[in-house]
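# Understanding the architecture of this molecule
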Amino acid sequence: MKNIVLIGFMAVGKTTVGRMLSDKLNFKFIDTDEVIENKCNKTIQNIFAEFGEGYFRKIESDVVKIASSCTDTVISCGGGTPKDPDNVRSLEKNGMIICLKADADAICKRADISSGIRPILYNKSKNEIEDLMLKRQKYYDVAQYFVDTSDLTPEEVADMIIEYYRKETDFYVP
Ligand code: S3P
């Protein structure tokens, strides 16, 4: 079966919803950031600090290629994954791409900005985050479906995505 690929800005809920979806559909689950951390045996924060963003993006592309060759898999991407058109091409070959969205208030509340675990958001103001969201929008517009998670529970989001998936694939979910 086709993969479900979750893209979207940081802290919109890709990992939480992705895990829930994989449980509900009995699909495998791949979180690209988690695979990168395991591969490097370092946190994303340390990979950025020690080797820089370019190095991270290269590994991210390698991981995306491998993830894209799977089937029956929910793939939760990092927020910057669709910036590389090759990543999008790989992911959409056998995947339905869903973009999760949230408003800047929800993102600021969820993202733990001052912790540094997301280097791109580190110590950013709400205005700066809104600017970045706008700049990133064009990369997220490649999705087939969009779900605003700001006021929904992860389960509500997962159930909406299952509906889209059912429509798209005739997949039976009891
Ligand atoms: C990034 C998002 C992060 C992670 C890395 C870069 C980005 O993933 O891949 O810190 O450029 O948007 P999340 O979207 O899961 O936070």
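Look a little higher up for the structure.
We now turn to the structure provided with this report. Just so it is clear, the model here is predicted, and its values are computed rather than measured.

Scoring rules and cut-offs
Residues numbered from 1 in each chain as written. Predicted model: local features only at pLDDT ≥ 70, side-chain atom pairs only at ≥ 80, totals over all residues. Heavy atoms only, no water. Patch = residues over 30% accessible without salt bridge, like charges linked within 9 Å, V, L, I, M, F, W, Y side chains within 5 Å. Areas by Shrake-Rupley, 256 points an atom, 1.4 Å probe, with all protein chains shown as cover. Salt bridge = Lys/Arg side-chain N within 4 Å of Asp/Glu carboxyl O. Lys, Arg positive; Asp, Glu negative; His and termini not counted. Charge placed at Lys NZ, Arg CZ, Asp CG, Glu CD. Helix = DSSP H or I, 4+ residues; strand = E, 2+ residues; numbered from the N terminus. Core = buried A, V, L, I, M, F, W, Y, C linked by side-chain atoms within 4.5 Å. Buried < 20%, exposed > 50% of the residue type's maximum accessible area, 1.4 Å probe, protein only. Contact = heavy atoms within 4.5 Å. Pairing = 2+ DSSP bridges. Axes fitted to C-alpha atoms, helices over the stretch in contact; angles between N-to-C directions. Parallel < 35°, antiparallel > 145°, perpendicular 65-115°, else oblique. Nonpolar A, V, L, I, M, F, W, Y, C, P; charged D, E, K, R; others polar.

Negative charge collects at one region of the surface, where Asp103, Glu128, Glu130, Asp131, Asp148 and Asp151 lie side by side. With 3 residues, helix α7 (residues 126–140) is the single largest residue contributor to the negative patch. Position of Asp148 relative to the elements: it lies in strand β5 (residues 145–148).

Take the nonpolar core next. The biggest cluster of nonpolar side chains holds 53 residues, and the ones touching the most others in it are Ile4, Phe9, Leu21, Ile98, Leu100 and Ile161. Aside from chain neighbours lying at most four places away, what touches Leu21 is Ile4, Leu6, Val74, Ala158, Ile161 and Ile162.

Across the sheet, which stays open at both edges, the 5 strands sit in the order β2-β3-β1-β4-β5 with parallel pairing between neighbours. Where the open sheet ends on each side, the last strands, each with one partner, are β2 (28–31) and β5. Mean inter-strand twist for the sheet, computed between neighbouring axes without regard to direction, equals 20 degrees. Here strand β1 (residues 3–7) runs beside strand β3 (residues 73–76); their pairing, made up of 3 bridges, is parallel.

On to the pattern of salt bridges. This model, assessed by the stated rule, comprises 12 salt bridges. The closest approach of N and O atoms between Lys42 and Glu50, which form a salt bridge, is 3.2 Å. Note on Lys42: relative accessible area 27%, which makes it partly exposed. Using a relative accessible area of 47% as the deciding quantity, one classes Glu50 as partly exposed. When the shortest N-O distance is used, the salt bridge between Lys58 and Asp62 registers 3.5 Å. A residue pair is termed a helical-turn pair when its members lie 3 or 4 positions apart in one helix, as Lys58 and Asp62 do in helix α4 (residues 53–68) at 4 residues. Overall, Asp62 belongs to the partly exposed group, its relative accessible area being 32%.

Two measures define how a pair of helices packs: the angle their axes make with one another and the distance between the axes. It is at 7 Å that the axes of helix α3 (residues 44–51) and α4 come closest, and there the two elements cross at 125 degrees. In this view, α3 runs oblique relative to α4, as classed from their interaxial angle. Every residue of α4 that contacts α3 at Ile44, Ile47, Phe48 and Phe51 is listed here: Glu53, Tyr55 and Phe56. Partitioned by chemical class, the residues of the contact of α3 with α4 number 6 nonpolar, no polar and 1 charged.

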